[in-house]
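Here is how the chains run, residue by residue.
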Amino acid sequence: MDHRFDMPLASLQDARKRYGAIAALDGVDLELRGGQVLALLGANGAGKTTAISLLLGLVEPDAGQVRLFGRDPRELAARQGVGVMLQSGAIVETLTVAELLDLTRSYYPDPRSVEDCAAIAGLDGLLKRRYGALSGGQQRRVQFALAICGRPRLLFLDEPTTGLDIEARQGLWRGLRELVAAGTSVLLTTHYLEEAEALADRVVVLAGGRVVADGSLDEVRARVDQRRIRCRTTLDAAEVARWPQVRAANRDGGRLEVVADAAEDVVRRLLAADPALSGLDVSRAGLAEAFLEITRDAPLKEAA
Ligand code: ATP
């Protein structure tokens, strides 16, 4: 067995990073393997950018281990295999798109041709334009082209399609799929759940600097399909928690809150077990609500 294929391309082990009283990352484990597209999801301030900054060696962890291609990410040899599109990047505004591409390509031993970069990133008609004079969405596409021009094995994309219109977003997804089909691995952060659905085969959800969900898209979606049943009853939460299809049952004063894989059987059994049960409410989480549900109970990250 070839152990190179076992080694994650990028990983965090129990990574911790504080900014004053804020725990931006509070013990995060993360692994990205070859051929994967991993979407890092989370609300504003969840720690996504910090996680990427650690993996790129831009920020040092207070504790824990960070590896990029099995190395310290600050080593040049590790960073050479990586393409990066961050939220804030210093790009010389007076250069044209073609000049920027040429300059960035010159850092790599075997860069993609300008034509290929332009085709993948959708830069038709933009090559001779000055970067500073482009629209925000056009600049985002140029940043994508710069990220891929060195033929990276691993791409880090921090909210790559924020500010893009639907057509441009889908264009970037198409370009990304081409690269993935050709063997590029991707770690992307996004606020768009449909972006994760369109591209990712694995999803990690961060909240308050911690991982609150990590699995295949289907596994995380399965949590989305769960139902939340609320009612007023005297039934014992611990007992209900042992019923089939019940994931969790918790008491909040006189109310019982049950998370179940499917509602019908559990509701029937609740009504049979407590004929006095009242205030029944069953909610079905949509994708967005489910994401909120996964992240809602995350601990506050402000230190005491
Ligand atoms: P967003 O979706 O808004 O980009 P994010 O998930 O990428 O958010 P981070 O940028 O990683 O979140 O920030 C995590 C937390 O750490 C936030 O509370 C943020 O304010 C804080 N933080 C990040 N960088 C710094 C810094 N350089 N100095 C102080 N606090 C910081």
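Residues numbered from 1 in each chain as written. Predicted model: local features only at pLDDT ≥ 70, side-chain atom pairs only at ≥ 80, totals over all residues. Heavy atoms only, no water.

**Thoughts on the site of the ligand**
Here is step 1 of the chain: Of all residues adjacent to the ligand, which total 15 residues, the nearest are Asn44, Gly45, Lys48, Thr49 and Thr50.
Here is step 2 of the chain: Here glycine 47 contributes a backbone N or O atom positioned 2.9 Å from an oxygen atom of the ligand.
Here is step 3 of the chain: A distance of 3.4 Å is found between an oxygen atom of the ligand and a side-chain nitrogen or oxygen belonging to glutamate 159.
Here is step 4 of the chain: Across the complex, the protein chains shield 64% of the 640 Å² of accessible surface that the ligand would expose by itself.
Here is step 5 of the chain: Taken together, the elements giving at least two residues each to the shell around the ligand come down to β2 (22-32) and α1 (48-55).
Here is step 6 of the chain: Per element, the largest residue contribution to the shell around the ligand is 3 residues, and it comes from α1.
Here is step 7 of the chain: A per-class count over the shell around the ligand returns 5 nonpolar, 7 polar and 3 charged. (Near = heavy atom within 4 Å. Polar contact = N/O pair within 3.5 Å; in protein donor to acceptor, adjacent residues only side chain to side chain. Areas by Shrake-Rupley, 256 points an atom, 1.4 Å probe, with all protein chains shown as cover. Helix = DSSP H or I, 4+ residues; strand = E, 2+ residues; numbered from the N terminus. Nonpolar A, V, L, I, M, F, W, Y, C, P; charged D, E, K, R; others polar.)

**Here we look at the domain arrangement of the protein chain**
Here is step 1 of the chain: Once the domains are mapped, the protein chain shows domain 1 (8-221) and domain 2 (227-284).
Here is step 2 of the chain: The centre of domain 1, based on its C-alpha atoms, is set 42 Å off from the matching centre of domain 2. (Domains from an automatic or database assignment.)

**Focus: the sheet that holds strand β7 (residues 185-190)**
Here is step 1 of the chain: What the 6 strands build is an open sheet, ordered β5-β6-β7-β3-β8-β9; its pairing is mixed. Only two strands of the sheet have a single neighbouring strand rather than two, namely β5 (82-85) and β9 (210-216). Going across the sheet, the axis of each strand differs from the next one's by a mean of 15 degrees, ignoring polarity.
Here is step 2 of the chain: Pairing of strand β8 (residues 202-207) with β9, which is carried by 6 bridges, proceeds in the antiparallel orientation. Bridging across to β9, valine 204 finds its partner in aspartate 214.
Here is step 3 of the chain: Sitting on the sheet, helix α5 (residues 136-148) touches β5 and β6 (154-158), and the angle it makes with β5 is about 170 degrees. (Pairing = 2+ DSSP bridges. Axes fitted to C-alpha atoms, helices over the stretch in contact; angles between N-to-C directions. Contact = heavy atoms within 4.5 Å.)

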